[in-house]
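# Residue-level structure breakdown
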Amino acid sequence: MRAGVGMTNDDFTAWALHRFPGRVKRDEPMARHTSFGVGGPADLFVSVKDEKQLRELVLACVEAGVPYTAVAGGTNLLVLDRGIRGVVIDMKKGLKDIRVDGDAGDVVTVRAGAGVNLQSLCQYAIDNGLAGMNFALGIPGTVGGAVIMNAGTARGAMGDVLETVTILTSDGRLMKAARDDMVFRYRHFEVRGFSPDAADPFLVTAARLSCRREEPVRLRAEARDILNERMRSHPVGVRSAGCFFKNPAEGESAGRLIDRAGLKGRRVGGAAVSDKHANYIVNTGGATAADILTLMAEVRREVAERFGVRLEPEVKIVGE
């Protein structure tokens, strides 16, 4: 059995169940796979274990005309209430290797698969005396998602340490992109000639990151300070997708503008603007994607009316 042109949805489902036994779920609620805890069902939810399976599944989707969406940690994602049509490719259960891939004395290169938890990568670097990743402490999600978002804080961003990335194109090519091929902007990453937001997207499968040697004891002390500060200033233990809006290119941060607009604590259904950090929308319990979207619209409208600034979502919104 193989996927092919002209397959019905039932045919494709039968092929996927046969090809990826134990790794396929039908009508899987995406609320189980997002940090927001909301989202309707995916037609098919397929967990891949490595690049080979990922490539096979992507090629099969393209050949059969089945749309696909890749997710990993689901931490910067809002899935709408009617869910996602086609195939959701789960990358967080595979592509999880971390290893030193180059050692030039003071500079050490680490290779991490796209499914590696970002905090696991930070801890690996600390344990091995490798500086460069502490900026990412406390940022949720996986390496692949962090690359695509050029995730970062005031201390740095993924674009500061990326040396090469491996991408899978929709026609099945696994390509390595060098530093000169990459374009970084605030919360944006692309490879020249491709775009993850285009109709013909690519998926990140691995990243090589440049670190420098440092005493682990110093890295651990710095990490404690960073995490303590994050605990003081960011909501923890609540369902959210991290910072919801991008910071404007100029002027005050999104969180400061929302705070000044008096929107902390504003609620729609089960969704609320965090009392601790105004750029967090949190699921206080029982929120729907519609609640979050309505609250997002209210925040954007009131900030625009008060300050003339149009906030843009940092969270990726997908589904129906």
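Overview of the structure.

To continue, consider the sheet that holds strand S5 (residues 84-90). Taken together, the four strands give an open sheet; going across it, the order is S1-S2-S5-S3, and neighbouring strands pair in mixed fashion. In this open sheet, the two edge strands, each paired with only one partner strand, are strand S1 (24-29) and strand S3 (68-71). Averaged over neighbouring strand pairs, the angle between their axes works out to 35 degrees when direction is ignored. The sheet contact formed by S1 and strand S2 (residues 41-47) spans five bridges and is antiparallel. By the bridge assignment, proline 29 is partnered in S2 with proline 41. In this fold helix H1 (residues 9-19) packs onto S1, S2 and S5, with an angle of close to 120 degrees to the strand it touches most, S1. Along the sheet, helix H2 (residues 51-64) contacts S2, S3 and S5; its crossing angle with S5, the most-contacted strand, is approximately 165 degrees.

Moving on, we come to the pattern of salt bridges. Pairs may arise between side chains of opposite charge once their charged atoms sit close together. Considering all chains together, one arrives at 28 salt bridges under this definition. Where salt bridges share partners, they join Glu51, Asp97, Arg99, Asp101, Arg111, Glu163 and Arg208 into one cluster.

What follows deals with H1. Counting along an α-helix, one turn takes 3.6 residues, and residues three or four places apart therefore face a common direction. Of all the positions in H1, only Phe12, Thr13, Trp15 and Ala16 are classed as buried. The arc that holds every buried residue of H1, seen down its axis, measures 160 degrees, which confines them to one face. Of the exposed residues in H1, those oriented more than 90 degrees away from the buried face are Asp10 and His18.

Once that is clear, we can look at the packing of aromatic side chains. Under the counting rule described, the total for this entry stands at six aromatic pairs. Considering the side-chain rings of phenylalanine 12 and tryptophan 15, the 5.4 Å spacing of their centres and the 45 degrees angle between planes classify their relative orientation as tilted. Remark: tryptophan 15 and phenylalanine 12 occur in helix H1; sequence separation between them is three residues, near one turn of the helix. The class for tryptophan 15 is buried, based on a relative accessible area of 3%. An aromatic cluster is defined as three or more aromatic residues linked by ring pairs; in this entry it consists of Phe12, Trp15 and Phe20. Above the face of the phenylalanine 20 ring, arginine 19 is positioned so that its terminal group lies 5.5 Å from the ring centre.

Cut-off values and rules
Residues numbered from 1 in each chain as written. Predicted model: local features only at pLDDT ≥ 70, side-chain atom pairs only at ≥ 80, totals over all residues. Heavy atoms only, no water. Pairing = 2+ DSSP bridges. Helix = DSSP H or I, 4+ residues; strand = E, 2+ residues; numbered from the N terminus. Axes fitted to C-alpha atoms, helices over the stretch in contact; angles between N-to-C directions. Contact = heavy atoms within 4.5 Å. Salt bridge = Lys/Arg side-chain N within 4 Å of Asp/Glu carboxyl O. Buried < 20%, exposed > 50% of the residue type's maximum accessible area, 1.4 Å probe, protein only. Arc of directions from axis to C-beta. Phe/Tyr/Trp six-rings, centres within 6.5 Å; stacked < 30°, edge-to-face > 60°. Lys NZ or Arg CZ within 6 Å of the ring centre and 35° of its normal.

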